[in-house]
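# Understanding the architecture of this molecule
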Amino acid sequence: MDAKHTYAFYLGCIAPNRYPGVEAAAIKTSKKLGIDLVPLKGASCCPAPGAFGSIDLNVFYAMAARNLVLAEQMKTDIALVCNGCYKSIWEVNHKLKHNDDLRDGVNEVLKEVDMEYKGTINVYHLAELLYDPMIAGVEKIRESVTNPLTGTRIAVHYGCHLIKPKKDREFAHQEMLNTEGPTWMEEMVAALGAEPVEYRYKMLCCGAGGGVRGYDIVHSLDITNEKLLNLKDVGIDALTDICPFCQLQFDRGQIEIQEKFGAVYNLPVLHYSELLGLAQGMSPQELALDLHGISCEPFLQKVL
Amino acid sequence: MAKAKGYPEALETKLRDRALHADDSNPQFTKTVEEISRTIPHMCFQCGTCTSSCPSAPRSSYRIRKFVRRVVLGLENEALTDPDLWLCTTCYSCTDRCPRDIAPTDTIMAMRNLAFKRDIIPINFLKTVQAIYKSGHGVPNNDVNRAARVKLGLTADPPTTHMYPEYIKGIQKIIDHYKLKENADRIIKEAEG
């Protein structure tokens, strides 16, 4: 199918530098759904909203604005695959568009690097584009599946920074403004042939954000552990996410939880793009699933 | 909860001292937090919806309601020197549920900005600044990942500042404008020697 919708693919850090299968899968699977992701040359860290935002919000705004200007220069909207990046890139774009004082402050700094923020582009999470029937939509996802994930039970971790705080968000679809019990991701999981599974306290944070993972790893993992306990109760084959930082926390975090708390879960954790890749017939090798901290083998045996 | 092995020393001290000690009030602190956070903590009626929504509250002495109260009362020292300030995961659940339409999460971010002005900042935050200053990435590429990328048919380095390092100079100029790298280096040196 010809790609009709083109976006500058803002990569962030953890997807390209720790889970490159997410990047590869996002490009390939989107193309099959009519979305063309083109490189955003020279982009940097979003920057990390927890670390940079905590230190000095003005630097945070200016650094995110630089990434936005790169896409403005291409006259192309941004698509990205990480909730943390969404928090920085979408939210700073939104703030600068609506607050002249912030925009003037940022442009004073950007002048030093021959740039000017104009507010001419929009920012989207790939998950919202996939869900949007005007762009791709659940039906189109279902039609693109060649290897249905039949017989597997999959739970969703939405993460925080795509949908929260909802009072600031401006999604095209009301379903995405439900932050207490959303089910739009479950619809996308069901479209792949898998059974979406609900669990207690689904909307709990992964524990990694706000710089807490670096500041107090035990505290951070204790939150992750609570989620893993609730997931264990419902018996699932995999957890899916739409944020590589959440993915890192659940995937590598399970190894750290084993070391620190002695609890073992062996729960495969896959980004929705990776899951979609498998359902569209990509091999585990094409998704570099061997780079995951927790083996995806038990899950793969059920779907391949 | 598991034993607090590896907790920062300041947090251990805090856990021993649970009394809310008084401190001189600074009304300017309330105004500054409202300016930076662009939210309205003075509207708080202390219902506690924020703390009851907080994932950090059940596993620590961090109470977002208490921090919002400190903002309203101008208890600057008490707020900025409390190590609990850094236990907010910024999940925004409190912001989503606040019946007074306050964004408590953003007041925490504002207080962290003000703490940094006094050199109060966990070292891991500053290490991220150093990493981005050097490579443009907070989590940079490595050799294992480069090899994996090539196998996937991707470029060894992503088409970011990694593949186009000529863009790093602009990033350094922005960070230097705020003297952030300079301060990060100094504070890390003072802490680690």
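Preceding block: the structure.
Residues numbered from 1 in each chain as written. Chains lettered and ligands numbered in written order. Predicted model: local features only at pLDDT ≥ 70, side-chain atom pairs only at ≥ 80, totals over all residues. Heavy atoms only, no water.

Another aspect to go through is the overall build of chain A. The helix and strand tally for chain A stands at 14 helices and 8 strands. Whereas a compact globule of 304 residues would reach a radius of gyration of roughly 19 Å, chain A reaches 19 Å, a difference of no more than 12%. Looking at chain A as a whole, 67% of its 304 residues are labelled buried. Contacts in chain A between residues at least 24 apart in sequence constitute 77% of all its contacts with a sequence separation of at least 6. Element-wise, carbon and sulfur atoms account for 49% of the exposed surface of chain A, whose accessible area totals about 10,200 Å². For chain A, the distance from the average position of its 29 positive side-chain charges to the average position of its 39 negative side-chain charges is 1 Å. (Helix = DSSP H or I, 4+ residues; strand = E, 2+ residues; numbered from the N terminus. Rg over C-alpha atoms; globule rule 2.2 N^0.38 Å. Buried < 20%, exposed > 50% of the residue type's maximum accessible area, 1.4 Å probe, protein only. Contact = heavy atoms within 4.5 Å. Areas by Shrake-Rupley, 256 points an atom, 1.4 Å probe, with all protein chains shown as cover. Lys, Arg positive; Asp, Glu negative; His and termini not counted. Charge placed at Lys NZ, Arg CZ, Asp CG, Glu CD.)

Summed over all chains, the structure comprises 27 salt bridges over all chains. Linking K87 of chain A and E91 of chain A is a salt bridge whose minimum nitrogen-to-oxygen distance equals 2.7 Å. With K87 of chain A and E91 of chain A both in helix 5 (residues 83–98) and 4 residues apart, the pair spans about one turn of that helix. Of the two residues examined, K87 of chain A and E91 of chain A, each falls in the buried class. The partner of R59 of chain B in a salt bridge is E226 of chain A, and the shortest N-O contact between them spans 2.6 Å. One end of the pair, R59 of chain B, is in the loop between helix 3 (49–53) and helix 4 (64–73); the other, E226 of chain A, is in helix 11 (residues 217–234), on a second chain. We classify R59 of chain B as buried; its relative accessible area is 9%. Connected via shared salt-bridge partners are K87, E91, K95 and R169 of chain A. (Salt bridge = Lys/Arg side-chain N within 4 Å of Asp/Glu carboxyl O.)

Strand-to-strand pairing in sheets goes through backbone hydrogen bonds, with the strands running parallel or antiparallel. Residues and elements named next belong to chain A. Sheet architecture is open: 4 strands sit in the order 2-1-3-4, paired in parallel fashion. Every interior strand has two partners, whereas the edge strands, strand 2 (35–39) and strand 4 (123–125), have only one. Taking the axes of each pair of neighbouring strands and ignoring which way they run, one obtains an average angle of 40° across the sheet. Here strand 1 (residues 5–10) runs beside strand 3 (residues 78–80); their pairing, made up of 3 bridges, is parallel. Paired with A8 across the two strands is I78, which belongs to strand 3. (Pairing = 2+ DSSP bridges. Axes fitted to C-alpha atoms, helices over the stretch in contact; angles between N-to-C directions.)

Contacts between the two partners involve 74 residues from chain A and, on the opposite side, 68 residues from chain B. On the chain A side of the interface with chain B, the three residues burying the most area are I55, Y215 and H219 of chain A, jointly 13% of the side's total. Joining chain A to chain B, the criterion identifies 6 salt bridges. Along the contact surface separating chain A from chain B lie 33 residue pairs in polar contact (both at pLDDT 80 or more). Elements with a minimum of two residues in the side of chain A that touches chain B: helix 1 (14–18), helix 2 (20–32), helix 3 (49–55), helix 4 (57–74), helix 6 (100–110), helix 10 (212–215) and helix 11 of chain A. By residue class, the composition of the side of chain A that touches chain B is 39 nonpolar, 19 polar and 16 charged. (Buried area = accessible area lost by both parts, 1.4 Å probe. Polar contact = N/O pair within 3.5 Å; in protein donor to acceptor, adjacent residues only side chain to side chain. Nonpolar A, V, L, I, M, F, W, Y, C, P; charged D, E, K, R; others polar.)

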